[in-house]
Amino acid sequence: MSSPDPNTPAPDGRRFDGVSHGYAPDGRPETAPPVPLEKIVGDVVDNLSATARAELALLEARGELALHGASWTAAWGTIAACAVGIAMLALAFGAILALAPHVGPFVATLIVVAILLAVAGFAGWRAQHSYGDIRTALRRDLTNEGIDPDAADA
């Protein structure tokens, strides 16, 4: 038995000569006409404009989020500071009452006040040090290569 001729038509009468596995069924596609330069430049300008609008919207949204977070942080921070202040008053009164029978009320008050002033001085020193870190982070000239107008305030 001989092998079938590859050039014979298919039994149902269809020929598959022009089919290239679905990629180009009718031969090579026609190339599109070249896009004018004015249209390309217009598209680039439109894309840049849309990008700039999107960036500004993102900055605005981030600002609103930061404001929201800062306001709630301030509110809860105020509540925490009030609670700590009341707790420190209770601790001070309790320490005075505990020391008063041993050293007398006046000396007990002086001891508690001296300790609280030492704690406040240490906390103030640490706050000043941390404020210096903030000033350094927000300074315009981080490399100290030129005259920094922010450094004149220090």
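Residues numbered from 1 in each chain as written. Predicted model: local features only at pLDDT ≥ 70, side-chain atom pairs only at ≥ 80, totals over all residues. Heavy atoms only, no water.

Caption draft 1: Fine view of the environment of Ile96. Secondary-structure assignment places Ile96 in helix α1 (residues 37-103). Residue classification places Ile96 among the buried positions, given a relative accessible area of 19%. The sequence separation of Ile96 and Thr109 amounts to 13 residues, and the corresponding C-alpha distance is 5.6 Å. When residues no more than four places from it in sequence are discounted, the contact partners of Ile96 are Ala108, Thr109 and Val112. (Helix = DSSP H or I, 4+ residues; strand = E, 2+ residues; numbered from the N terminus. Buried < 20%, exposed > 50% of the residue type's maximum accessible area, 1.4 Å probe, protein only. Contact = heavy atoms within 4.5 Å.)

Caption draft 2: Looking closely at the environment of Val103. Among the structural elements, Val103 can be located in helix α1. Relative accessible area serves as the criterion here: at 39%, Val103 is assigned to the partly exposed category. The contacts of Val103, once residues within four sequence positions are left out, are Ala108 and Ile111.

Caption draft 3: Fine view of the packing of aromatic side chains. Considering all chains together, one arrives at 1 aromatic pair under this definition. Each ring, one from Phe122 and one from Trp125, has its centre 6.0 Å from the other, and the planes form 40 degrees; the classification is tilted. Here Phe122 and its partner Trp125 are both found in helix α2 (residues 105-138), 3 residues apart, which amounts to about one turn of the helix. For Phe122, a relative accessible area of 52% corresponds to the exposed category. (Phe/Tyr/Trp six-rings, centres within 6.5 Å; stacked < 30°, edge-to-face > 60°.)

Caption draft 4: Region of interest: the pattern of salt bridges. Inspection of the entire model under this criterion finds 1 salt bridge. Here Asp43 ties to Lys39 by a salt bridge, and the two come within 3.3 Å at their closest N and O atoms. Taken together, the residues span about one helical turn, with Asp43 and Lys39 both in helix α1 at a distance of 4 residues. A relative accessible area of 46% means that Lys39 is categorised as partly exposed. (Salt bridge = Lys/Arg side-chain N within 4 Å of Asp/Glu carboxyl O.)

Caption draft 5: Highlighting a nonpolar patch on the surface. A cluster of nonpolar side chains, contributed by Val35, Leu37, Ile40, Val41, Val44, Val45 and Leu48, occupies part of the molecular surface with about 640 Å² of accessible area. Along the chain, Val35 turns up in the segment before α1. (Patch = residues over 30% accessible without salt bridge, like charges linked within 9 Å, V, L, I, M, F, W, Y side chains within 5 Å. Areas by Shrake-Rupley, 256 points an atom, 1.4 Å probe, with all protein chains shown as cover.)

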